[in-house]
Amino acid sequence: MRPLADTGHPLDAVYEIVPDGDRLALVLNSAGGKVPGRARSRNSDYVPALDTLLARLALRSAVIEAAIVDSAKVQHLPRSERSLIDGPVALSLGLDLAALRKVLTTGQGPIGKTDDGNNRKKIRLVLDVPGYGIGDAKRLADDLSSPVFSSDWLLDAVGTMKLHQSGGKPSLHKPLSILWALGRSGDRLIPWPEFRDAVGPLLGEFNENATPQYPFWHLTGSPDLWEAHGVSGPPTAADVDATAGFTAHAAALLENPMIREMVVQRVLSQYFGPGDHRALRDRVGIAGPVATIDVANGLGAMGGDKLVTLPAGTLDQMCAAVRRVEQAELRAIIVGDKKTEKCALCGHEFPLRYLVAAHIKPRSQCTDEERRDLPNVAMAACSFGCDLLFETGHVAVGADGLIMAGAADPSGRFAELVAKLDGTKCTAHRDETEPYFAWHREHRFN
Ligand SMILES: [Zn+2]
């Protein structure tokens, strides 16, 4: 099983949960070594995957009862000679997980008498996880693979804030405060005097009561999104040392410019009329809009006006990030170390860089389980038209596996492309993928 990073893209690392006596154990496969035809070594995300898994275990208050090197070469040694920790470690979010991970990796070198310096060996963590019994290996493996706090979660959190009703209409205190905080730079936690002096006038401009103490405190009603310190209710003039702001995990997600822009768009579209969007962005200093950024699909569509207002390099970073996600997903659906693959729609062979992992059912519409079913929910489609024609619903795949052309009235080269596909066999169509193609036929085909 491969874990998904908190940003939703698959990490290049493999783990499994197996029974170990009367406990469950997490086994993380080794990393390193060249793989023919691939630029990266095997399981190159070993360290970030271990960090991610430890954090998700900590959220579940797991105890690591034993941590041992588990590679074939040292299987003959008693566990005591392969041990990486002295005794059980109770995980919690307060623990220095980075330090623990270093113990688990740097301790590996000397195991097995000869110090080979490899700190990316196969390891086994024997676990006690509250709520998971000996029969729950699969459930624990599934639960650990998914982000607890993902971009989807963050969009949900800002999109479902409970708004106070005042005079029969919802108060915009919370969304205005969130927008202001999104546009602000500086430390994550905001001193109350700064918040008061900035948000108070902003509320007034949007015909709200200028009472910034309410959102400062009441945003903690979404405790995973917002936290306040030094107060136990709305602050008063005396509470000069009070602070509040996004939680650490929300702030970590917001460091990604694509996710931040998605959150801005969600808040604007959910709580404000389209006529206010430009003024609000200008008022709180948020550049954009960057036309449509679909983080859930790992695709960034650039366009609209004012792209130049983004910080230099942001677009390159975003494009590179999107490209990495696409290539990681593509590798997940192509068997072996092939350098070329056939487009599932037109059947022509292309180098991998001209293929994308085209989601048959869009990521944003998938359940967590479907998202992890990459080999079936996605197919390799070429960038020379097939990917786009399928995504926009100009072609679909029938229950018989044959490509169908849509009812649109194309002309020119476009007509040729569609006509060439019409009636040919889609090589990605099989029993396991048909439910996803059926979804596409029903919801996207035009
Ligand atoms: Zn093609």
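Our subject is the structure listed above.
First, a word on what this report is: a plain description of the structure on this page. For clarity, every value in this text was computed on a predicted model and none was experimentally measured.

1. Digging into the overall build of the protein
And then number 1: Along its length, the protein carries 16 helices and 18 strands.
And then number 2: Across the 446 residues that make up the protein, the buried fraction comes to 35%.
And then number 3: Sequence-distant contacts in the protein: of pairs separated by 6 or more residues, those separated by 24 or more amount to 61%.

2. A closer look at the sheet that holds strand E2 (residues 23-28)
And then number 1: The sheet built from five strands is open, its strands ordered E1-E2-E5-E3-E4 with antiparallel pairing. The open sheet has two edge strands, strand E1 (15-20) and strand E4 (89-90), and neither has a second partner.
And then number 2: With six bridges connecting them, strand E3 (residues 63-69) and strand E5 (residues 123-128) associate as antiparallel partners. In the sheet register, valine 69 faces E5, and the bridge partner there is isoleucine 123.
And then number 3: Strand contacts of helix H3 (residues 137-145): E1 and E2, with the helix running at about 150 degrees to E1, the strand carrying the most contacts.

3. Some words on the environment of glycine 285
And then number 1: Position of glycine 285 relative to the elements: it lies in the loop between helix H10 (274-284) and strand E11 (292-294).
And then number 2: Residue glycine 285 is classed as exposed on the basis of its 12 C-beta neighbours within 10 Å.
And then number 3: With 101 residues separating them in the primary sequence, glycine 285 and arginine 184 have C-alpha atoms 7.6 Å apart.

4. Quick word on helix H4 (residues 151-159)
And then number 1: Among all positions in H4, only Ser151, Leu154, Leu155, Ala157 and Val158 are buried. Taken end-on, H4 shows its buried residues confined to a sector of 160 degrees, consistent with a single buried face.
And then number 2: Turning to H4, the residues buried within the fold contact helix H5 (173-183), helix H8 (248-254) and helix H9 (257-271).

5. Points about unusual backbone geometry
And then number 1: Here asparagine 43, not a glycine, exhibits a phi torsion of approximately 50 degrees, which is positive.
And then number 2: Phi angles above zero are rare outside glycine, and asparagine 207 is one such case at about 60 degrees.
And then number 3: For asparagine 207, the location among the structural elements is in the loop between helix H6 (192-205) and helix H7 (213-218).

6. A look at the sheet that holds strand E9 (residues 226-229)
And then number 1: If you trace the three strands from one edge of the open sheet to the other, you get E8-E10-E9, paired in antiparallel fashion. Each edge of the open sheet is held by one strand with a lone partner, namely strand E8 (190-191) and E9.
And then number 2: For E8 and strand E10 (residues 243-246), the ladder comprises two bridges, and the chain directions are antiparallel. Note on E10: the bridge partner recorded for isoleucine 190 is alanine 244.

Reading guide: rules and limits
- Residues numbered from 1 in each chain as written.
- Predicted model: local features only at pLDDT ≥ 70, side-chain atom pairs only at ≥ 80, totals over all residues.
- Helix = DSSP H or I, 4+ residues; strand = E, 2+ residues; numbered from the N terminus.
- Buried ≥ 20, exposed ≤ 12 C-beta atoms within 10 Å, placed from the backbone.
- Contact = placed C-beta atoms within 7 Å.
- Pairing = 2+ DSSP bridges.
- Axes fitted to C-alpha atoms, helices over the stretch in contact; angles between N-to-C directions.
- Arc of directions from axis to C-beta.

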